[in-house]
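# Close look at the chain arrangement
So you can see what is in the structure, the chains are spelled out below.
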Amino acid sequence: MIPVMDFGLQPLANDFCKEGEERAGYAPLKVLFCPRCTLAQLSIVVRPEILYSRYAYFTSTSQTIQNHFDTLAQDIMAETEGRELFEIGCNDGRGLRHFKDLGFAPVYGMDPAQNLCEVAKTRYGIDAICCFFSEKVQFPTLIGLKPDVVLARHVFCHVDNWAGFVRGLENVSRSDTLVCIEVPYAVDQLQTGSFDQCYHEHLSYLTLRAMVALLKDSQFHLHRIIRYNIHGGVILMMLRHNLSGIAPDASVQEFIAKEQVTETHWKDMDWKMRTSVTELQRLVFGATGCGKRVCAYGASAKATVLLNLCRFTKKQIAFVTDTTTTKLYRNVPGTDIPVVDEGALIREQPDYALLTAWNYEKEIITKEKWFNGKWIVPMPTVHVI
Ligand code: TMP
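## What to know about the overall build of the protein chain
Counting secondary structure elements, the protein chain contains 13 helices and 17 strands. The globule rule puts the C-alpha radius of gyration for 385 residues at 21 Å, and the 21 Å found for the protein chain is close to it. For the protein chain, the spread of C-alpha atoms along the principal axes amounts to about 65 × 45 × 40 Å. Within the protein chain, the proportion of its 385 residues that are buried is 58%. If you take every contact in the protein chain between residues at least 6 apart in sequence, the share linking residues at least 24 apart comes to 68%. Surface summary for the protein chain: the accessible area is close to 16400 Å², and the carbon and sulfur share equals 52%. Side chains of the protein chain carry 40 positive and 43 negative charges; the gap between the two charge centres is 3 Å.

## Description of the site of the ligand
In the region of the ligand, 18 residues are neighbours, and K302, D322, N359, Y360 and K367 sit closest. Take D322: an N or O atom from its side chain is 2.7 Å from an oxygen atom of the ligand. T324 places a side-chain nitrogen or oxygen 3.5 Å from an oxygen atom of the ligand. Relative to its unbound accessible area of 490 Å², the ligand is 93% covered by the protein chains. Its residues assigned to classes, the shell around the ligand shows 6 nonpolar, 7 polar and 5 charged.

## A short note on the sheet that holds strand β9 (residues 204–205)
Strand order in the open sheet formed by 4 strands is β1-β2-β3-β9, with antiparallel pairing between adjacent strands. Each of the sheet's edge strands pairs with one partner strand only, and the pair in question is β1 (2–11) and β9. Sheet topology note: the strand β2 (residues 26–33)/strand β3 (residues 40–42) ladder contains 3 bridges and is antiparallel. Along β3, the bridge assignment pairs V31 with L42. Running over the sheet, helix α10 (residues 263–289) touches β1, β2, β3 and β9 and is turned about 35° from β1.

## A look at helix α3 (residues 94–101)
Helical geometry note: an α-helix holds 3.6 residues per turn, so side chains three or four residues apart project in the same direction. Regarding α3, the residues found buried are R94, G95, L96, H98 and F99. Buried positions along α3 lie against α2 (63–79), β4 (85–88), β5 (107–111), α4 (114–124) and β7 (149–153).

## What about the nonpolar core?
Residues M237 and W266 are the most contacted members of the largest nonpolar core, which totals 126 residues. At 8 residues, the largest contribution of residues to this core is made by α10. Setting aside anything within four residues of it in sequence, one finds M237 in contact with V179, C180, I181, V183, L206, L208, M211, L222, R224 and I225. Core analysis: the second largest hydrophobic core is formed by 10 residues, L51, Y55, A113 and V119 among them.

## A word on α4
Listed as buried for α4 are N115, L116, C117, V119, A120 and Y124. Lining the buried residues of α4 we find α3, β5 and β6 (128–130). After α4 finishes, the residue G125 shows a positive phi value of roughly 65°.

## Considering the sheet that holds strand β17 (residues 383–384)
Read from one edge of the open sheet, 6 strands run β14-β13-β12-β15-β16-β17, paired in mixed fashion. Sheet topology places β14 (339–340) and β17 at the edges, where each strand pairs with a single neighbour.

## Brief notes about the side chain of S62
Take S62: it is sitting in the loop between α1 (48–52) and α2. Within the local environment of S62, its side chain forms a polar contact with the side chain of S60, the two groups lying 3.0 Å apart. If near-sequence neighbours (up to four positions away) are discounted, S62 is found in contact with Y360 and E363.

## Re the packing of aromatic side chains
With the rule as written, the count across this model stands at 14 aromatic pairs. Aromatic side chains F156 and F165 sit 5.2 Å apart centroid to centroid with 70° between the ring planes, which places their arrangement in the edge-to-face category. By the burial criterion, F156 is buried, and F165 matches it. An aromatic cluster of three or more residues is present, and its members are F86, Y108, F133, F156, W162 and F165. One residue, K302, lies across the ring of W358, its end atom 5.9 Å from the ring centre.

## A short note on the packing of α2 against α3
Interhelical geometry of α2 versus α3 gives an angle of 55° and a closest axis separation of 10 Å. With respect to their mutual orientation, α2 and α3 come out oblique. Crossing angle aside, the handedness with which α2 passes α3 is right-handed. Where α2 approaches α3, its residues Q66, F69, D70, L72, A73 and I76 are matched on the opposing element by R94, G95, H98 and F99. Partitioning the contact of α2 with α3 into residue classes produces 5 nonpolar, 3 polar and 2 charged.

Rules of the game
Sequence positions are assigned chain by chain, starting from 1 and proceeding in written order. The predicted nature of this model means local features are confined to residues of pLDDT at least 70 and side-chain atom pairs, given and counted, to a pLDDT of 80 or more, with totals for whole chains, interfaces and linings taken over all residues. Neither water nor hydrogens contribute to the side-chain values; these are computed over all heavy atoms in the structure. A run of DSSP states H or I qualifies as a helix once it reaches four residues; a run of E qualifies as a strand once it reaches two. Both are numbered from the N-terminal end. We take the radius of gyration over the C-alpha atoms and set the globule estimate at 2.2 Å times the residue count to the 0.38 power. Note on exposure labels: buried denotes an accessible area under 20% of the residue type's maximum, exposed denotes more than 50%, and partly exposed covers the range between, all computed with a 1.4 Å probe on protein chains only. By definition in these notes, contact holds between two residues if any of their heavy atoms fall within 4.5 Å. For the accessible areas, the method is Shrake-Rupley and the probe is 1.4 Å, while residue cover comes only from the protein chains on display. Only four residue types enter the tally: Lys and Arg on the positive side, Asp and Glu on the negative side; His and the chain ends are excluded. A charged residue contributes its charge at one atom only: NZ of Lys, CZ of Arg, CG of Asp or CD of Glu. Neighbouring residues are identified by heavy atoms, a residue being near a molecule or strand if any of them is within 4 Å of it. Polar contacts, as counted here, are pairs of nitrogen or oxygen atoms within 3.5 Å of one another; within protein the pair requires one atom able to donate a hydrogen and one able to accept it, and residues that are adjacent in sequence qualify only if both atoms are side-chain atoms. Ten residue types, Ala, Val, Leu, Ile, Met, Phe, Trp, Tyr, Cys and Pro, are classed as nonpolar, four, Asp, Glu, Lys and Arg, as charged, and the remainder, Gly among them, as polar. Any two strands with at least two DSSP bridges between them are considered paired. Angles shown run from 0 to 180 degrees and are taken between the N-to-C directions of axes, each axis being a line fitted to C-alpha atoms and, for helices, limited to the stretch in contact. In these notes, a set of buried Ala, Val, Leu, Ile, Met, Phe, Trp, Tyr and Cys residues joined through side-chain atoms within 4.5 Å is what counts as a nonpolar core. Working definition: a ring pair exists when centres of Phe, Tyr or Trp rings (six-membered ring for Trp) sit within 6.5 Å. Plane angles under 30 degrees give stacked, over 60 give edge-to-face, the rest tilted. Criterion for a charge above a ring: Lys NZ or Arg CZ within 6 Å of the ring centre, and within 35 degrees of the ring normal. Roughly parallel covers angles under 35 degrees, roughly antiparallel covers those over 145, roughly perpendicular covers 65 to 115, and oblique covers all other angles. Handedness of a helix crossing follows the sense of rotation of the near helix relative to the far helix, less than a right angle counterclockwise being left-handed and clockwise being right-handed.

See the structure below:
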């Protein structure tokens, strides 16, 4: 494993705390790359109970994500007639509610965060089992029948024990179950240069080659690959059981054939991180030095990475706006920058807003048409709008 990126000591990206509240602390953030299978992973694993027992991230209710759910549902429905859906890492149940409204039934989920499972039940009427998904889960007693579709969105890259996860998939599936795993695609991440997607929750940066190596000794194989243009580029990996008798789609070989991920790509992103941080510091320190006010928009995990790398405090970034109530009036981890409600942008009219939620750029800039200041957009390269 070759070290390719080093972020130094970083706070846990979703550890939003109030003044004086105990924080989980800091941990080294370093990416290692395996030239044989092209998988990149973090050098250490933070214990999942620390990261996920109480979780501040709620599934986005943005139009961008709602549209994505519609497309995803269509793509899954085109692949299978089965409508019984089980979601691993179902978060607050927003996604399952959407899928249920589109015709999937019954739907049920699993998530390790107690606060999210409660919201799933009370707000969206979704049954969510509160536990980590693994081979140890006794599925037949927990959820009864084996589902037609198993969905895992943005959860696979959070998993340390992949082999155990895949054995868990084997336990929960029939030979005709369709397993759908959506993850950020390393190829896209490297192309966009979105280094802010590296944080302690993202243990691995997936390539299809790595996935083939992982599945080699399992009951599954890659069946179909679909790329979507959200979060800077993600892929949906559809897995089928080896006994399904259904031939894999041509997309699998097409994606693998053109997949290029090397040590150089990762080191280029490390270089890009350093130049972007310098550029952002130049812009923000320059503006605040002349008495201008700067805020940030979207207290995403990516914002924690970016603001900490730039070493900004509330002297530079007066506040970060966010719609998530669990983050409000808490500080961005590792900083004294407060998270405030979305309306602050229009009320306060700062001179600049750093768009830390850059993955919703179009939607947010359209929505915030009453903002008179300028946007600083950090990706794909730092630019001002
Ligand atoms: P994500 O990129 O991981 O989905 O996180 C995006 C964050 O930005 C999340 O905390 C919600 C927040 N957000 C807003 O505050 N306003 C918005 O309009 C959108 C789309 C997201």
